Structures are given as structure tokens and as C-alpha cells.
Amino acid sequence: EVQLVESGGGLVQPGGSLRLSCAASGFTFSDNGISWVRQAPGAGLEWLSGINSAGGYTNYADSVKGRFTISRDNAKNIVFLQMNSLKPEDTAVYYCAAAQRSWPVPQAVSEYAYWGQGTQVTVSS
């Protein structure tokens, strides 16, 4: 059974940082690209960032480019999202999703079959 489990969310002040983790199991992790996607209150799903299976290629949405960094540790089956300079508009539930190919990872969220349960990030003073 494919499982993706996010952790690391919480409450942070504007300008602060958080690091999210996505622990994967039930599939050959090193074969798949992984993305982070978020859903703000009252909004749709927004693709944020993706990384290829080996970790050598990454891409980012304009809304987070320069502030967020995606990385992965294939030895531990974990993908990370380092989030810096957080803004109130980053408040959302953050999900990781496994692509069915290494690269390029889809930016269309409808193309992802496997999702985690999400972790809440709240940016507020």
C-alpha cells in the first residue's frame, strides 16, 4: 500500500521558517518524482514544487521561488520542503504527492494518484 505522511507543519510568525517532511512507503521511492501542493482556505489546490527521482532536478511555482527549497533523501524515503520568509498568504494545508514518472513532475494536480493526508501551516502574528 502506497503511503505518504507529511509532518512539520505548525504556527509560525511572518518571516519565519518551517521544514516539512514527507515520508513515503509502499512503492519504489527512488523511481518517482515528488511534488508539494497546498490548499489555502477557500481555494483550490496549488502546485508548488517538484523534484525528480534522483533529486537532481527541481522546479518551483513563481509564488514560492526563492523562498522554498525542495530536497529528498532516497536512503530514508523522505522528501523535504524548506520554507523561509513565510507570509500570511502561505497559510494552507500542505500535501506531498507522488508522480508516476521521474521527470518532469506534473504541475497539474489531477495527474497525481498518490497523496498524503496533509499538514497544516499557519502563518500569523
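So, here's what we can say about the structure. The shown structure was predicted, so the numbers you read here are calculated from the model rather than taken from an experiment. (Residues numbered from 1 in each chain as written. Predicted model: local features only at pLDDT ≥ 70, side-chain atom pairs only at ≥ 80, totals over all residues. Heavy atoms only, no water.)

1. Regarding the overall build of the protein chain
The cut-off we apply is this: Each helix corresponds to a stretch of at least 4 residues labelled H or I by DSSP, and each strand to a stretch of at least 2 residues labelled E; elements are numbered beginning at the N terminus. Using C-alpha atoms as the atom set, the radius of gyration is obtained and then compared with a globule rule of 2.2 Å times the number of residues to the power 0.38. Under the scheme applied here, a residue whose accessible area is under 20% of the maximum for its type counts as buried, over 50% as exposed, and between as partly exposed, the area being computed with a 1.4 Å probe on protein chains only.
The helix and strand inventory of the protein chain stands at zero helices and eleven strands. Overall, the protein chain shows an N-to-C arrangement of helices and strands of β-β-β-β-β-β-β-β-β-β-β. The C-alpha atoms of the protein chain give 13 Å as radius of gyration, which agrees with the globular expectation for 125 residues (14 Å, within 12%). For the protein chain, the spread of C-alpha atoms along the three principal axes comes to 40 × 25 × 25 Å. Taking all 125 residues of the protein chain together, the buried fraction comes to 45%.

2. So, the pairing of strand β9 (residues 92–98)
What counts here: Any two strands between which DSSP finds at least two bridges are classified as paired.
Among the seven residues that make up β9, six are buried, leaving the element largely enclosed by the rest of the structure. Taken together, the six bridges between strand β4 (residues 34–39) and β9 define a ladder with antiparallel strand orientation. Each residue of the ladder has a partner; that of Arg38, found in β9, is Tyr94. Bridge analysis of β9 against strand β11 (residues 119–123) gives three bridges, and the strand direction is antiparallel. The residue of β11 that forms the bridge with Val93 is Gln120. Note that β9 and strand β10 (residues 114–115) share two bridges and pair antiparallel. Each bridged residue has a counterpart across the sheet, and for Ala97 the counterpart in β10 is Trp115.

3. Some words on the nonpolar core
For the record, the criterion: What we call a nonpolar core is a set of buried Ala, Val, Leu, Ile, Met, Phe, Trp, Tyr and Cys residues that are connected through their side-chain atoms within 4.5 Å. Every residue pair with non-hydrogen atoms within 4.5 Å of one another is taken to be in contact.
Membership of the largest hydrophobic core comes to 26 residues, with the highest contact counts inside it found for Trp36, Phe68, Val79, Leu81, Met83 and Tyr94. If you list the elements that add at least two residues to this core, you get β3 (18–25), β4, β5 (45–51), β7 (68–73), β8 (78–83), β9 and β11. Contact partners of Tyr94, with chain neighbours within four places excluded, come to Glu6, Leu20, Trp36, Val37, Arg38, Leu48, Phe68, Leu81, Met83, Gly118, Thr119 and Val121.

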